[in-house]
Amino acid sequence: TIRAHNDQLFILEYGKPYQIHVYNLNGHLVNSWNHTDTNGAYHGNKLYVSQNEVIVADVFNQQIVLYDLSGRLRRSVPYPTIKKGDFTSICSAAGKDCAIITSYSHPQASKINIKTGEVVWTTSLKCGAFSSACCGRTVLVGLNGNDHARAVWIEVLGAENGECY
């Protein structure tokens, strides 16, 4: 995963352990640290940067991990609906304390309060989600369509309640 924030690029690199690298726009490494998912068996973790936090799914340990921008661990929030081996996507939702997490292996989207771990809502998706983007009060979810036709579907959800438009 690659995310741009404040003239820096945050990259989550798959491996044992996962690593997070921060580069400036000239391509120079600014910082690096290991992510809490040291198993490296699954490449379903995703990273998102919101305000002053790096938010990363930790599929193996079934949690959301929050770091400050320099890599110091702020907190981990249990998230039991993430399944081991899942492929996730994560984006910031309406309200700074929430994130939307989608699942490819278990077709669903959930809004989670990243301060408390409370699952605000969960909704089923038509099929596995490979990406998501939060745009104000809506969430765009990219879904795999019929593989033979190479179709891609976009499902539009309300960020407040998870209802499909």
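Coordinates for the structure precede this section.
Below, the structure is looked at part by part. (Residues numbered from 1 in each chain as written. Predicted model: local features only at pLDDT ≥ 70, side-chain atom pairs only at ≥ 80, totals over all residues. Heavy atoms only, no water.)

Here the focus is the sheet that holds strand β2 (residues 8-13). Spatially, the four strands line up as an open sheet ordered β1-β2-β3-β4, and their pairing is antiparallel. Of all strands in the sheet, those with a lone pairing partner are β1 (2-5) and β4 (29-34), marking the two edges. Neighbour-to-neighbour, the strand axes of the sheet open up by a mean angle of 20°, direction not taken into account. (Pairing = 2+ DSSP bridges. Helix = DSSP H or I, 4+ residues; strand = E, 2+ residues; numbered from the N terminus. Axes fitted to C-alpha atoms, helices over the stretch in contact; angles between N-to-C directions.)

Attention now moves to the sheet that holds strand β8 (residues 73-78). Ordered in space as β5-β6-β7-β8, the four strands form an open sheet in which the pairing is antiparallel. Strands with a single pairing partner mark the edges of an open sheet, and in this sheet they are β5 (47-50) and β8. Across the sheet, the mean angle separating the axes of adjacent strands is 20° when strand polarity is ignored. Bridge analysis of β5 against strand β6 (residues 53-58) gives four bridges, and the strand direction is antiparallel. Note on β6: the bridge partner recorded for S50 is E53.

Tallied over the entire structure, the rule returns five salt bridges. The salt bridge partner of R75 is E53, with a shortest N-O separation of 3.1 Å. Taken together, the residues R75 in strand β8 and E53 in strand β6 connect sequence positions 22 residues apart. Take R75: its relative accessible area is 21%, and that puts it in the partly exposed class. With relative accessibility at 7%, the residue E53 sits in the buried group. With its nearest N and O atoms 4.0 Å apart, the salt bridge here joins K111 to E160. Taken together, the positions of K111 in strand β11 (residues 108-113) and E160 in the segment after β15 (152-158) put the pair 49 residues apart, joining distant regions of the chain. Linked through salt bridges whose partners overlap, the residues forming this network are E53, R74 and R75. (Salt bridge = Lys/Arg side-chain N within 4 Å of Asp/Glu carboxyl O. Buried < 20%, exposed > 50% of the residue type's maximum accessible area, 1.4 Å probe, protein only.)

This next bit is on the side chain of H35. For H35, the position within the fold is in the loop between β4 and β5. Look at H35 and you get buried, because its relative accessible area is 1%. Within the structure, the side chain of H35 is placed 3.1 Å from the backbone oxygen of A57, a separation counted as a polar contact. (Polar contact = N/O pair within 3.5 Å; in protein donor to acceptor, adjacent residues only side chain to side chain.)

Right, let's get into the nonpolar core. Looking at soluble globular proteins, one finds that nonpolar side chains tend to be buried together. Membership of the largest hydrophobic core comes to 25 residues, with the highest contact counts inside it found for I64, I112, V139 and L157. When residues of this core are traced back to their parent elements, those giving at least two are β6, β7 (63-68), β9 (88-92), β10 (98-103), β11, β13 (129-135) and β14 (138-144). The residues contacting L157, other than those within four sequence positions of it, are A109, W121, T123, L125, R137, T138, V139, V141, G162, E163, C164 and Y165. Judged by nonpolar contacts, the second largest core, of 12 residues, contains L12, L47, V56 and Y67. (Core = buried A, V, L, I, M, F, W, Y, C linked by side-chain atoms within 4.5 Å. Contact = heavy atoms within 4.5 Å.)

Attention now goes to the packing of aromatic side chains. Taken as a whole and judged by the stated rule, the model has two aromatic pairs. Ring centres 5.8 Å apart and planes at 80° place the aromatic pair Y14 and Y18 in the edge-to-face group. Relative to Y67, the ring of W33 has its centre 5.6 Å away and its plane inclined at 55°; by these criteria the two rings are tilted. Taken as a pair, W33 in strand β4 and Y67 in strand β7 lie far apart in primary sequence, 34 residues in all. Given a relative accessible area of 9%, W33 falls into the buried group. The class of Y67 is buried, set by a relative accessible area of 3%. (Phe/Tyr/Trp six-rings, centres within 6.5 Å; stacked < 30°, edge-to-face > 60°.)

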